[in-house]
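One-letter residues, chain by chain:
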Amino acid sequence: AGPRAPPAAKPPAANAAKARKGSVDERRSPDYCIKIMLTLYKVQQNIFLLDFQNIDGDCFGFMTLCAKIIKELKALSAASRAVAAQMHQQQQSEMLRRRTTPRSS
């Protein structure tokens, strides 16, 4: 028995990630999956921090998904602020109307 050949080298992590990444067509497949974990922290009164973690899937898909989530949250936040401002303005108008309306005696 002669000398043994060394065991086959494992592919570098970059090759494994490249193989897992897939093509654009694969990303559009109904079977394409990205798993993320979101953790919400309350930092201060009315201030929150959202932590995104990629559990499984390619980095590009993860970043795209995060960007879409952030965009939706910003739109919801802006809409919420607009409604709150409108309600505040209506309350102020109602208070002024009550002050200026003569009372019946």
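Residues numbered from 1 in each chain as written. Predicted model: local features only at pLDDT ≥ 70, side-chain atom pairs only at ≥ 80, totals over all residues. Heavy atoms only, no water.

**Observations concerning the overall build of the chain**
Scanning the chain for helices and strands turns up 3 helices and 2 strands. Put simply, the chain runs from its N terminus to its C terminus through helices and strands in the order α-α-β-β-α. Put simply, the chain has 105 residues, and 6% of those count as buried. Put simply, 27% of the contacts in the chain that link residues at least 6 apart link residues at least 24 apart. Carbon and sulfur atoms provide 58% of the accessible area of the chain, an area that totals close to 9700 Å². (Helix = DSSP H or I, 4+ residues; strand = E, 2+ residues; numbered from the N terminus. Buried < 20%, exposed > 50% of the residue type's maximum accessible area, 1.4 Å probe, protein only. Contact = heavy atoms within 4.5 Å. Areas by Shrake-Rupley, 256 points an atom, 1.4 Å probe, with all protein chains shown as cover.)

**Looking at the pairing of strand S2 (residues 47-56)**
Alignment of strand S1 (residues 35-44) against S2, held across 9 bridges, turns out to be antiparallel. Across the sheet, Ile-36 pairs through a bridge with Asn-54, a residue of S2. Connecting the antiparallel pair S1 and S2 is a turn made up of 2 residues, with Asn-46 showing a positive phi of about 65 degrees. (Pairing = 2+ DSSP bridges.)

**Things to note about the pattern of salt bridges**
Taken as a whole and judged by the stated rule, the model has 2 salt bridges. Between Glu-94 and Arg-98 there is a salt bridge whose closest N-O contact spans 3.4 Å. Of this pair, Glu-94 and Arg-98 both sit in helix H3 (residues 59-100), 4 residues apart, which is roughly one turn of that helix. When salt bridges with common partners are traced through the structure, they connect Glu-94, Arg-97 and Arg-98 into a single cluster. (Salt bridge = Lys/Arg side-chain N within 4 Å of Asp/Glu carboxyl O.)

**Overview of H3**
An ideal rise of 1.5 Å per residue puts 62 Å on 42 residues; H3 measures up with 61 Å between its terminal C-alpha atoms. What H3 keeps buried is the set Gly-61, Phe-62 and Cys-66. In this fold, the buried residues of H3 make contact with S1 and S2. Its side-chain oxygen placed 3.3 Å from the backbone nitrogen of Phe-60, Asp-58 serves as the N-cap of H3. (Expected span 1.5 Å × (residues − 1). Polar contact = N/O pair within 3.5 Å; in protein donor to acceptor, adjacent residues only side chain to side chain.)

**Describing a nonpolar patch on the surface**
There is a patch of nonpolar side chains on the surface, built from Tyr-41, Val-43, Ile-47 and Leu-49 and spanning about 370 Å² of accessible area. By secondary structure assignment, the location of Leu-49 is in strand S2. (Patch = residues over 30% accessible without salt bridge, like charges linked within 9 Å, V, L, I, M, F, W, Y side chains within 5 Å.)

**Observations regarding unusual backbone geometry**
Here Asn-46, not a glycine, exhibits a phi torsion of approximately 65 degrees, which is positive. Tracing the backbone through its elements, the reader meets Asn-46 in the loop between S1 and S2.

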